[in-house]
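Summary of the model geometry
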Amino acid sequence: SQTIHQWPATLVQPVGSPLSLECTVEGTSNPNLYWYRQAAGRGLQLLFYSVGIGQISSEVPQNLSASRPQDRQFILSSKKLLLSDSGFYLCAWKKGPSTDTQYFGPGTRLTVL
Amino acid sequence: GESVGLHLPTLSVQEGDNSIINCAYSNSASDYFIWYKQESGKGPQFIIDIRSNMDKRQGQRVTVLLNKTVKHLSLQIAATQPGDSAVYFCAEPEGGYNKLIFGAGTRLAVHP
């Protein structure tokens with residue numbers, strides 16, 4: 001069966017510090033991968049998605065970037081965090097272009113102080 | 001633009017009652033819908049999906065109804081339990097099925 005991991009689970013960072021969040025998927029190959037952000041009590045905002053290694057699509061202009069160095073690894077980064085980067089970051093995967101359902105990881109709670 | 005939205009932001013029910021969570025969509029060409037459950041501090045969990053060639057689909061204690069005429073779908077939870085307390089999102093694919101568009105979410109609160 002497939003599993004998706006995210007780490008760290010929680011993170012508190014000062015403004016201006018760098019960020020690296022990691023997401024890995026097990027039990028599948030060539031998945032589509034997604035990064036979402038969720039503000040407290042709100043819905044999900046798609047940040048990036050990737051259909052293959054090195055292929056990144058950005059949905060909104062922002063202070064963040066994403067990379068996919070390996071087939072089942074998706075990384076969310078920032079060089080300098082802003083207060084507005086605080087939120088709950090969710091990684092998701094789906095099997096490929098022929099399927100629709102996305103499956104989510106446990107999330108990372110980021111607080112920027 | 002096209003969007004998926006929810007009628008009610010919060011729904012309070014008594015334990016044992018049935019719950020109905022509603023969702024309206026605007027893209028008449030949408031042919032697939034998903035319901036997710038998100039418990040506090042956790043990632044969304046897939047509950048059930050439905051394709052547009054169906055009007056109804058049943059799972060374990062959950063039923064999704066799709067009314068294409070009025071572009072409305074609902075999630076029905078039978079015999080609601082405290083463990084059903086969560087935020088429920090409807091979602092539909094967009095952009096060649098590489099993306100999902102989520103509704104704003106409905107919070108379900110189950111009272112003993």
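Structure report, in brief.

Cut-offs applied
- Residues numbered from 1 in each chain as written.
- Chains lettered and ligands numbered in written order.
- Predicted model: local features only at pLDDT ≥ 70, side-chain atom pairs only at ≥ 80, totals over all residues.
- Heavy atoms only, no water.
- Helix = DSSP H or I, 4+ residues; strand = E, 2+ residues; numbered from the N terminus.
- Contact = heavy atoms within 4.5 Å.
- Buried area = accessible area lost by both parts, 1.4 Å probe.
- Salt bridge = Lys/Arg side-chain N within 4 Å of Asp/Glu carboxyl O.
- Polar contact = N/O pair within 3.5 Å; in protein donor to acceptor, adjacent residues only side chain to side chain.
- Nonpolar A, V, L, I, M, F, W, Y, C, P; charged D, E, K, R; others polar.
- Disulfide = S-S within 2.5 Å.
- Buried < 20%, exposed > 50% of the residue type's maximum accessible area, 1.4 Å probe, protein only.

Okay, unusual backbone geometry next. That bond from Trp7 of chain A to Pro8 of chain A is cis: its omega, 0 degrees, falls within 30 degrees of zero. For Pro8 of chain A, the position within the fold is in the loop between β1 (3–7) and β2 (10–13). Even without glycine at this site, Lys71 of chain B takes up a positive phi of about 55 degrees. Of note, Lys71 of chain B is situated in the loop between β7 (62–67) and β8 (72–77).

This part is about the interface of chain A and chain B. With 24 residues of chain A in contact, the opposing surface of chain B contributes 19 residues. Buried surface at the junction of chain A and chain B, both sides included, amounts to about 1600 Å², of which 54% is carbon and sulfur. At the surface where chain A touches chain B, the tally comes to one salt bridge. Here Lys99 of chain B and Glu59 of chain A are joined by a salt bridge, their closest N and O atoms 3.2 Å apart. At the boundary of chain A with chain B, the tally comes to four residue pairs in polar contact (both at pLDDT 80 or more). Secondary structure elements with two or more residues in the side of chain A that touches chain B: β4 (32–38), β5 (44–52), β9 (87–94) and β10 (103–104) of chain A. Of the residues in the side of chain A that touches chain B, the class split is twelve nonpolar, seven polar and five charged.

Let's shift gears to the state of the cysteines. Tallied over the full model, the rule gives two disulfides over all chains. The side chain of Cys23 of chain A participates in a disulfide bridge whose partner is Cys91 of chain A; the two sulfur atoms lie 2.0 Å from each other. Residues Cys23 of chain A and Cys91 of chain A share a disulfide whose torsion about the S-S bond is about -75 degrees; that sign makes it left-handed. Separated by 68 residues along the polypeptide, Cys23 of chain A in strand β3 (residues 19–26) and Cys91 of chain A in strand β9 bring together distant segments of the chain. With a relative accessible area of 1%, Cys23 of chain A lands in the buried category. Here Cys23 of chain B is linked by a disulfide to Cys90 of chain B, with a sulfur-sulfur distance of 1.9 Å. Its S-S torsion of approximately 55 degrees makes the covalent link between Cys23 of chain B and Cys90 of chain B right-handed. Of the two residues, Cys23 of chain B is situated in strand β3 (residues 19–25) and Cys90 of chain B in strand β9 (residues 86–94); the sequence distance between them amounts to 67 residues. Judged by its relative accessible area of 0%, Cys23 of chain B is buried.

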